[in-house]
Amino acid sequence: MSNSGKLYIVGTPIGNLGDFSPRAVETLSSVDFIAAEDTRVTLKLLNHFDIKKEMVSYFEHNKRERGEIITDRILSGETCAIVTDAGMPAISDPGEDLVRLCHERGIKVESVPSATALTTALALSGMDTGRFTFEGFLSVAKKSRYEHLEELKDEKRTMVFYEAPHKLLNTLKDFSKYFGNRNIALVREITKIHEEVIRTTVDDAVKKYEETPPKGEFVLILEGKKEEAQSMTLEEAVNTAKKLVKNGMSINAAAKEIASSTPFKKNEIYKELL
């Protein structure tokens, strides 16, 4: 490798060490130092491949100061590899900041790619992958979480989320509230012994995990919003509501029922029924 400074984005296995490429091993062996999200996790990987290398910790809470230090070293001629605990750095990961900083400071960035949970889960899911949107982890702060979900209510593309086991049930319940009972694939423990794809509906997934606590890291592949088969006129909506009233439903309940499955508001239908 050349003597001029450079940053290598090195993907690490998302579960199975057999997926670590020979080129990745060679890169980590030959750089001057490694920027690691968690040095303890990376040390296990280095030990497995008998690589001895200086490590600098680089994660969410120290990325600003460390970014400057790392890029200064690269500018002085050193080579650095950035790694995350699993998968490609800079995807839903603080490495994004270091890569941006390198570009801003004129440092060459080179990729040594590996699997990412996002694309591997999509490939495993059997869901529609022609167009998709990656939404990462939902915020635990209620306000930003609900704003995020509200924004996605009419998203037609397949949506991909990451979720930890202890937060899964709440997320599925929020999906039910915001998206209704759509098809979903839950992909867990990718490339590990217990790799599993569960194709089901949101409501059935809620029932399943209320009974059995989930284990392992999940990628959730959620179906996008389906086009309405045909648009109903207000007159047709009101006529359908009239049939419900005729069968004994209250005007209020009938208006609410029809409003839930048409583009019309409950009070529009209610007014016409009176």
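Residues numbered from 1 in each chain as written. Predicted model: local features only at pLDDT ≥ 70, side-chain atom pairs only at ≥ 80, totals over all residues. Heavy atoms only, no water.

S.K.: Looking at this model, I keep getting lost on helix α10 (residues 251-260). Mind explaining?
M.R.: Given 3.6 residues per helical turn, the α-helix brings residues three or four places apart onto the same face. Looking at α10, one finds that the buried residues are A254, A255, I258 and A259. Projected down its long axis, α10 shows its buried positions confined to an angular sector of 130 degrees, all on one face. Along α10, exposed side chains directed more than 90 degrees from the buried face belong to K256 and S260. Residues of α10 that are buried make contact with α9 (234-246) and α11 (266-273). (Buried < 20%, exposed > 50% of the residue type's maximum accessible area, 1.4 Å probe, protein only. Helix = DSSP H or I, 4+ residues; strand = E, 2+ residues; numbered from the N terminus. Arc of directions from axis to C-beta. Contact = heavy atoms within 4.5 Å.)

S.K.: Is there a simple way to explain the sheet that holds strand β7 (residues 158-163) in this structure?
M.R.: Strand pairing in a sheet takes place through backbone hydrogen bonds and is either antiparallel or parallel in direction. The mixed open sheet is built from 5 strands, whose spatial order is β6-β7-β10-β8-β9. The outermost strands of the open sheet, each flanked by one partner alone, are β6 (132-136) and β9 (196-201). Averaged over all adjacent pairs, the angle separating strand axes in this sheet is 20 degrees, with direction ignored. In terms of strand pairing, strand β8 (residues 183-188) meets β9 through 6 bridges, oriented antiparallel. Paired with I184 across the strands is T200, a residue of β9. (Pairing = 2+ DSSP bridges. Axes fitted to C-alpha atoms, helices over the stretch in contact; angles between N-to-C directions.)

S.K.: Help me out: how do you make sense of the pattern of salt bridges in this one?
M.R.: Pairs can form between side chains of opposite charge whenever their charged atoms are close. Under the defined criterion, the tally for this structure stands at 22 salt bridges. Residues E60 and K63 are paired through a salt bridge, measuring 2.8 Å at the closest nitrogen-oxygen approach. Here E60 falls in the partly exposed class, since its relative accessible area comes to 41%. According to the relative accessible area criterion, K63 is buried, its value standing at 13%. Of the charged contacts, one joins R157 and E155 as a salt bridge, the two residues approaching to 2.9 Å between their closest N and O atoms. (Salt bridge = Lys/Arg side-chain N within 4 Å of Asp/Glu carboxyl O.)

S.K.: Even after reading the chapter, I still don't get the nonpolar core, so can you show me in this structure?
M.R.: The tendency in soluble globular proteins is for nonpolar side chains to be buried as a group. Ranked by size, the top nonpolar core spans 20 residues in total, and within it L172, F175 and L186 carry the most contacts. Counting only elements with at least two residues in this core, the list comes to α6 (142-152), β7, α7 (165-179), β8, α8 (202-211) and β10 (218-222). Considering each element in turn, this core owes the most residues, 5 residues, to α7. The residues contacting L172, other than those within four sequence positions of it, are I184, L186, V202, A205, V206 and Y209. Y58, C80, L98 and C102 belong to the second-largest nonpolar core, a separate cluster that totals 16 residues. (Core = buried A, V, L, I, M, F, W, Y, C linked by side-chain atoms within 4.5 Å.)

S.K.: Honestly, the layout of surface pockets in this entry has me stumped. Any pointers?
M.R.: With a probe scaled to a water molecule rolled over the atoms, the places where space remains empty come into view. In this structure, the largest pocket occupies an estimated 690 Å³ of space. Taken together, 25 residues line the largest pocket, and the ones lying closest to its centre are A86, A117, F137, Y162 and E217. Among the elements of the structure, β7 and β10 are those that each provide at least two residues to the lining of the largest pocket. Partitioned by chemical class, the residues of the lining of the largest pocket number 13 nonpolar, 5 polar and 7 charged. One number sums up the size of the second largest pocket: a volume of about 220 Å³. For the second largest pocket, the full set of lining residues is M127, D128, R131, K156, R157, T158, N183, E223, G224, K225 and K226. Residues belonging to the lining of the second largest pocket are distributed by class as follows: 1 nonpolar, 3 polar and 7 charged. (1 Å grid on protein atoms, 1.4 Å probe; cavity = no way out; pocket = protein on both sides within 12 Å on 5 of 7 lines; lining within 4 Å. Points joined across faces, edges and corners; volume = space filled by probe spheres on them. Nonpolar A, V, L, I, M, F, W, Y, C, P; charged D, E, K, R; others polar.)

S.K.: Please clarify how the pairing of β6 should be interpreted in this entry.
M.R.: The pairing of β6 with β7 spans 4 bridges and is parallel. Among the inter-strand pairings, F134 is bridged to a residue of β7, identified as V160. Each parallel crossover has a hand, and the one from β6 via α6 to β7 is right-handed. (Right-handed = clockwise from strand over helix to strand, strands pointing away.)

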